Amino acid sequence: GIQVEQSPPDLILQEGANSTLRCNFSDSVNNLQWFHQNPWGQLINLFYIPSGTKQNGRLSATTVATERYSLLYISSSQTTDSGVYFCAVMIKAAGNKLTFGGGTRVLVKP
Amino acid sequence: DAGVIQSPRHEVTEMGQEVTLRCKPISGHDYLFWYRQTMMRGLELLIYFNNNVPIDDSGMPEDRFSAKMPNASFSTLKIQPSEPRDSAVYFCASSFGGLVGEAFFGQGTRLTVV
(Lines give C-alpha, C1' and ligand atoms only; values in the text may rest on other atoms or scores of the structure.)
Protein backbone atom coordinates (compact mmCIF):
# COMPACT_ATOMS: atom_id res chain seq x y z
CA GLY A 1 0.00 0.00 0.00
CA ILE A 2 0.88 3.67 -0.04
CA GLN A 3 3.50 4.75 2.49
CA VAL A 4 3.51 8.30 3.79
CA GLU A 5 6.19 9.01 6.36
CA GLN A 6 6.65 12.26 8.20
CA SER A 7 9.64 13.45 10.17
CA PRO A 8 10.41 14.36 12.81
CA PRO A 9 7.53 12.92 14.85
CA ASP A 10 7.93 15.63 17.48
CA LEU A 11 9.45 19.10 17.42
CA ILE A 12 9.92 21.63 20.21
CA LEU A 13 10.74 25.16 19.13
CA GLN A 14 11.50 28.40 20.84
CA GLU A 15 9.31 31.21 19.62
CA GLY A 16 10.99 32.92 16.68
CA ALA A 17 12.86 29.83 15.48
CA ASN A 18 12.64 28.35 11.99
CA SER A 19 11.97 24.70 11.21
CA THR A 20 11.53 22.23 8.38
CA LEU A 21 9.10 19.32 8.35
CA ARG A 22 9.47 16.51 5.87
CA CYS A 23 7.05 14.16 4.14
CA ASN A 24 8.25 11.15 2.13
CA PHE A 25 5.86 9.14 -0.01
CA SER A 26 6.20 5.85 -1.81
CA ASP A 27 4.66 6.54 -5.22
CA SER A 28 3.98 9.28 -7.75
CA VAL A 29 1.27 11.58 -6.43
CA ASN A 30 -1.62 13.36 -8.09
CA ASN A 31 -2.43 15.40 -5.03
CA LEU A 32 -0.50 16.43 -1.93
CA GLN A 33 -1.83 18.57 0.86
CA TRP A 34 -0.45 19.92 4.13
CA PHE A 35 -2.79 20.41 7.07
CA HIS A 36 -2.44 21.91 10.51
CA GLN A 37 -4.51 20.33 13.25
CA ASN A 38 -4.88 22.95 15.94
CA PRO A 39 -5.28 22.20 19.66
CA TRP A 40 -9.05 22.20 19.21
CA GLY A 41 -8.79 19.37 16.70
CA GLN A 42 -9.69 21.32 13.61
CA LEU A 43 -7.90 20.38 10.36
CA ILE A 44 -6.82 23.56 8.61
CA ASN A 45 -5.74 23.51 4.97
CA LEU A 46 -2.25 24.95 4.56
CA PHE A 47 -1.17 24.01 1.05
CA TYR A 48 -2.37 22.07 -1.95
CA ILE A 49 0.97 21.33 -3.58
CA PRO A 50 1.42 18.24 -5.80
CA SER A 51 4.57 19.87 -7.19
CA GLY A 52 6.55 23.09 -7.01
CA THR A 53 6.81 25.73 -4.30
CA LYS A 54 4.20 27.89 -2.61
CA GLN A 55 4.33 30.48 0.12
CA ASN A 56 1.70 31.80 2.48
CA GLY A 57 2.98 34.29 5.01
CA ARG A 58 5.50 32.65 7.32
CA LEU A 59 4.80 29.23 5.86
CA SER A 60 6.07 27.80 2.63
CA ALA A 61 6.10 24.36 1.05
CA THR A 62 8.04 22.59 -1.65
CA THR A 63 7.20 19.30 -3.31
CA VAL A 64 9.76 17.48 -5.44
CA ALA A 65 7.50 14.94 -7.06
CA THR A 66 10.26 13.14 -8.96
CA GLU A 67 12.09 12.44 -5.70
CA ARG A 68 8.91 11.72 -3.74
CA TYR A 69 9.13 14.19 -0.91
CA SER A 70 7.65 17.43 0.29
CA LEU A 71 8.92 19.97 2.80
CA LEU A 72 7.01 22.42 4.96
CA TYR A 73 8.94 25.43 6.25
CA ILE A 74 7.87 27.41 9.27
CA SER A 75 9.72 30.67 9.73
CA SER A 76 9.71 32.91 12.81
CA SER A 77 7.51 30.42 14.65
CA GLN A 78 4.78 31.65 16.99
CA THR A 79 2.97 29.86 19.81
CA THR A 80 -0.12 29.70 17.59
CA ASP A 81 1.85 27.42 15.24
CA SER A 82 1.64 24.65 17.86
CA GLY A 83 -0.32 21.58 16.90
CA VAL A 84 0.10 18.63 14.57
CA TYR A 85 1.09 19.01 10.94
CA PHE A 86 -0.12 16.37 8.53
CA CYS A 87 0.93 15.57 5.01
CA ALA A 88 -1.66 13.72 2.90
CA VAL A 89 -1.28 12.30 -0.59
CA MET A 90 -3.54 10.94 -3.29
CA ILE A 91 -2.17 8.40 -5.73
CA LYS A 92 -4.06 7.46 -8.86
CA ALA A 93 -3.21 3.77 -8.55
CA ALA A 94 -4.89 3.70 -5.16
CA GLY A 95 -8.07 5.45 -6.24
CA ASN A 96 -9.32 8.73 -4.88
CA LYS A 97 -8.05 8.13 -1.37
CA LEU A 98 -6.27 10.88 0.53
CA THR A 99 -3.79 8.94 2.67
CA PHE A 100 -2.34 10.66 5.71
CA GLY A 101 1.09 10.47 7.24
CA GLY A 102 1.52 10.06 10.97
CA GLY A 103 2.01 13.77 11.55
CA THR A 104 4.62 15.98 13.19
CA ARG A 105 3.64 17.31 16.61
CA VAL A 106 4.99 20.84 17.05
CA LEU A 107 5.19 22.74 20.29
CA VAL A 108 6.31 26.37 20.17
CA LYS A 109 7.38 27.71 23.54
CA PRO A 110 7.16 31.42 24.38
CA ASP B 1 -19.67 28.92 1.61
CA ALA B 2 -19.75 27.86 5.25
CA GLY B 3 -17.44 24.93 4.64
CA VAL B 4 -18.11 21.32 5.52
CA ILE B 5 -20.62 21.11 8.35
CA GLN B 6 -20.79 18.17 10.71
CA SER B 7 -23.21 17.41 13.50
CA PRO B 8 -23.22 16.78 16.33
CA ARG B 9 -19.85 18.13 17.51
CA HIS B 10 -19.84 15.80 20.48
CA GLU B 11 -21.75 12.60 21.11
CA VAL B 12 -21.73 10.44 24.21
CA THR B 13 -23.70 7.21 24.02
CA GLU B 14 -23.99 3.92 25.80
CA MET B 15 -22.65 0.71 24.35
CA GLY B 16 -25.22 -0.99 22.15
CA GLN B 17 -26.99 2.20 21.09
CA GLU B 18 -27.28 3.41 17.53
CA VAL B 19 -25.26 6.49 16.61
CA THR B 20 -25.79 8.66 13.53
CA LEU B 21 -23.26 11.25 12.42
CA ARG B 22 -24.20 13.84 9.83
CA CYS B 23 -22.33 15.81 7.20
CA LYS B 24 -23.15 18.58 4.76
CA PRO B 25 -20.42 18.97 2.13
CA ILE B 26 -19.39 22.17 0.41
CA SER B 27 -21.89 23.05 -2.30
CA GLY B 28 -20.69 21.93 -5.72
CA HIS B 29 -18.23 19.36 -4.45
CA ASP B 30 -18.65 15.93 -6.01
CA TYR B 31 -16.56 13.84 -3.62
CA LEU B 32 -17.33 13.15 0.03
CA PHE B 33 -15.07 11.30 2.44
CA TRP B 34 -15.53 9.92 5.95
CA TYR B 35 -12.40 9.58 8.12
CA ARG B 36 -11.81 8.35 11.65
CA GLN B 37 -9.01 9.61 13.87
CA THR B 38 -7.64 7.67 16.83
CA MET B 39 -4.39 7.85 18.73
CA MET B 40 -3.47 4.32 17.72
CA ARG B 41 -4.31 4.44 14.02
CA GLY B 42 -4.15 8.11 13.13
CA LEU B 43 -6.41 9.38 10.35
CA GLU B 44 -7.89 6.54 8.33
CA LEU B 45 -10.34 6.67 5.45
CA LEU B 46 -13.55 4.76 6.06
CA ILE B 47 -15.53 5.33 2.85
CA TYR B 48 -15.87 7.82 0.04
CA PHE B 49 -18.62 8.81 -2.39
CA ASN B 50 -18.53 10.30 -5.87
CA ASN B 51 -21.72 11.98 -7.05
CA ASN B 52 -23.60 10.39 -4.12
CA VAL B 53 -22.48 6.85 -5.06
CA PRO B 54 -20.28 4.88 -2.64
CA ILE B 55 -17.04 4.09 -4.46
CA ASP B 56 -14.80 2.46 -1.88
CA ASP B 57 -15.90 1.25 1.53
CA SER B 58 -12.90 -0.98 2.18
CA GLY B 59 -11.98 1.09 5.22
CA MET B 60 -15.26 0.49 7.02
CA PRO B 61 -14.23 -1.58 10.03
CA GLU B 62 -17.17 -3.99 10.11
CA ASP B 63 -20.83 -4.47 9.34
CA ARG B 64 -21.87 -2.33 12.30
CA PHE B 65 -20.82 0.68 10.24
CA SER B 66 -22.87 1.98 7.33
CA ALA B 67 -22.87 5.22 5.34
CA LYS B 68 -25.35 6.80 2.98
CA MET B 69 -25.50 9.84 0.76
CA PRO B 70 -29.14 10.34 -0.30
CA ASN B 71 -28.37 13.60 -2.11
CA ALA B 72 -25.50 15.92 -2.97
CA SER B 73 -25.85 17.97 0.19
CA PHE B 74 -26.15 15.34 2.92
CA SER B 75 -24.44 12.20 4.16
CA THR B 76 -24.73 10.05 7.26
CA LEU B 77 -22.44 7.58 9.00
CA LYS B 78 -24.26 5.15 11.24
CA ILE B 79 -22.91 2.78 13.85
CA GLN B 80 -25.29 0.12 15.12
CA PRO B 81 -24.69 -1.24 17.70
CA SER B 82 -21.95 1.02 19.04
CA GLU B 83 -19.03 -0.31 21.08
CA PRO B 84 -16.46 1.44 23.30
CA ARG B 85 -13.72 0.82 20.70
CA ASP B 86 -15.66 3.02 18.27
CA SER B 87 -14.76 6.04 20.40
CA ALA B 88 -12.85 8.42 18.12
CA VAL B 89 -13.14 11.67 16.22
CA TYR B 90 -15.00 11.23 12.94
CA PHE B 91 -14.29 13.70 10.16
CA CYS B 92 -16.17 14.37 6.97
CA ALA B 93 -14.40 16.00 4.02
CA SER B 94 -15.39 17.06 0.54
CA SER B 95 -13.60 17.97 -2.67
CA PHE B 96 -14.22 18.77 -6.31
CA GLY B 97 -12.55 16.83 -9.05
CA GLY B 98 -11.33 13.73 -7.29
CA LEU B 99 -7.64 13.16 -7.87
CA VAL B 100 -6.84 16.80 -8.45
CA GLY B 101 -9.28 18.32 -6.01
CA GLU B 102 -8.31 19.97 -2.74
CA ALA B 103 -10.08 18.34 0.18
CA PHE B 104 -11.66 20.41 2.96
CA PHE B 105 -12.56 18.96 6.33
CA GLY B 106 -15.38 19.57 8.73
CA GLN B 107 -14.76 20.22 12.41
CA GLY B 108 -15.33 16.59 13.31
CA THR B 109 -17.61 14.72 15.69
CA ARG B 110 -16.03 13.46 18.88
CA LEU B 111 -17.77 10.18 19.73
CA THR B 112 -17.50 8.58 23.14
CA VAL B 113 -19.11 5.19 23.71
CA VAL B 114 -19.33 4.22 27.37
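Everything here concerns the structure above.
Predicted model, so just to flag it, every value in this text is computed and none were measured.

Q: Honestly, the overall build of chain A in this entry has me stumped. Any pointers?
A: Helix and strand content of chain A: 0 helices and 11 strands. When its helices and strands are written in sequence order, chain A yields β-β-β-β-β-β-β-β-β-β-β. For chain A, whose C-alpha radius of gyration is 13 Å, the value lies close to the compact-globule estimate of 13 Å for 110 residues. The principal-axis extent of the C-alpha atoms belonging to chain A is close to 45 × 25 × 20 Å. Out of the 110 residues in chain A, the part that is buried amounts to 48%. Once local pairs closer than 6 in sequence are excluded, the contacts in chain A between residues at least 24 apart make up 55%. Of the roughly 5100 Å² of accessible surface on chain A, 48% is carried by carbon and sulfur atoms. If the 8 positive side-chain charges of chain A are averaged to one point and the 6 negative ones to another, these points end up 6 Å apart.

Q: It is not clear to me how the nonpolar core should be interpreted in this structure. Could you clarify?
A: Grouped together as the largest cluster of nonpolar side chains are 22 residues, with contacts concentrated most on L21, W34, F47, L72 and V89 of chain A. Contributions of two or more residues to this core are made by β2 (10-14), β3 (19-25), β4 (31-37), β5 (43-48), β7 (59-64), β8 (69-74), β9 (83-90) and β11 (104-109) of chain A. Aside from chain neighbours lying at most four places away, what touches F47 of chain A is L32, Q33, W34, K54, Q55, N56, L59, S60, A61 and L72 of chain A. Among the nonpolar cores identified, the runner-up in size contains 21 residues, and F65, L77, I79 and Y90 of chain B belong to it.

Q: I keep staring at the state of the cysteines and nothing clicks. Help me out?
A: Covalently bonding the sulfur atom of one cysteine to the sulfur atom of another cysteine gives a disulfide. Inspection of every chain in the model, using the stated rule, returns 2 disulfides over all chains. Linked covalently through their sulfurs, C23 of chain A and C87 of chain A form a disulfide whose S-S length is 2.0 Å. Because the torsion about its S-S bond is -55°, the bridge between C23 of chain A and C87 of chain A counts as left-handed. Of this pair, C23 of chain A sits in strand β3 while C87 of chain A is found in strand β9, placing the two residues 64 residues apart along the sequence. In terms of burial, C23 of chain A and C87 of chain A fall into one category: buried. The partner cysteine of C23 of chain B in its disulfide is C92 of chain B, sulfur to sulfur 1.9 Å. Where C23 of chain B bonds to C92 of chain B through sulfur, the torsion about that S-S bond is close to -65°, and the disulfide is left-handed.

Q: When you look at the sheet that holds strand β3 (residues 19-24) of chain B in this model, what are you seeing that I'm missing?
A: Within a sheet, each strand pairs with its neighbour through backbone hydrogen bonds, oriented either parallel or antiparallel. All names here are of chain B. Spatial strand order, β1-β3-β8-β7: 4 strands in an open sheet with antiparallel pairing. Of all the strands in the sheet, the pair left with one neighbour each is β1 (5-7) and β7 (65-71). Taking each pair of neighbouring strands and ignoring which way they run, the sheet shows an average axis angle of 15°. Bridge analysis of β3 against strand β8 (residues 74-79) gives 5 bridges, and the strand direction is antiparallel. Paired with R22 across the two strands is T76, which belongs to β8.

Q: Help me understand the layout of surface pockets, please; the structure alone is not making it clear to me.
A: Empty pockets left among the atoms are what a rolling probe the size of a water molecule brings to light. Residue and element names in this part refer to chain B. Within this model, the largest pocket holds a volume of roughly 1100 Å³. If you trace the largest pocket, you find 50 residues lining it, with R36, Q37, T38, G42 and L43 closest to the centre. The element best represented in the lining of the largest pocket is strand β5 (residues 42-50), accounting for 7 residues. The residue inventory of the lining of the largest pocket, partitioned by class, reads 21 nonpolar, 20 polar and 9 charged.

Q: Looking at this structure, how should I read the side chain of T13 of chain B?
A: Topologically, T13 of chain B is positioned in strand β2 (residues 10-13). What T13 of chain B contacts, discounting residues up to four positions off in sequence, is V19, S82, L111, T112, V113 and V114 of chain B.

Q: Honestly, the sheet that holds strand β1 (residues 4-7) of chain A in this entry has me stumped. Any pointers?
A: Residue and element names in this part refer to chain A. An order of β1-β3-β8-β7-β6 is seen for the 5 strands of this open sheet, with the pairing classed as antiparallel. Unpaired on one side and paired on the other, β1 and β6 (52-56) mark the two borders of the sheet. Within the sheet, the average angular offset between the axes of one strand and its neighbour, ignoring direction, is 15°.

The rules we used
- Residues numbered from 1 in each chain as written.
- Chains lettered and ligands numbered in written order.
- Predicted model: local features only at pLDDT ≥ 70, side-chain atom pairs only at ≥ 80, totals over all residues.
- Heavy atoms only, no water.
- Helix = DSSP H or I, 4+ residues; strand = E, 2+ residues; numbered from the N terminus.
- Rg over C-alpha atoms; globule rule 2.2 N^0.38 Å.
- Buried < 20%, exposed > 50% of the residue type's maximum accessible area, 1.4 Å probe, protein only.
- Contact = heavy atoms within 4.5 Å.
- Areas by Shrake-Rupley, 256 points an atom, 1.4 Å probe, with all protein chains shown as cover.
- Lys, Arg positive; Asp, Glu negative; His and termini not counted.
- Charge placed at Lys NZ, Arg CZ, Asp CG, Glu CD.
- Core = buried A, V, L, I, M, F, W, Y, C linked by side-chain atoms within 4.5 Å.
- Disulfide = S-S within 2.5 Å.
- Pairing = 2+ DSSP bridges.
- Axes fitted to C-alpha atoms, helices over the stretch in contact; angles between N-to-C directions.
- 1 Å grid on protein atoms, 1.4 Å probe; cavity = no way out; pocket = protein on both sides within 12 Å on 5 of 7 lines; lining within 4 Å.
- Points joined across faces, edges and corners; volume = space filled by probe spheres on them.
- Nonpolar A, V, L, I, M, F, W, Y, C, P; charged D, E, K, R; others polar.

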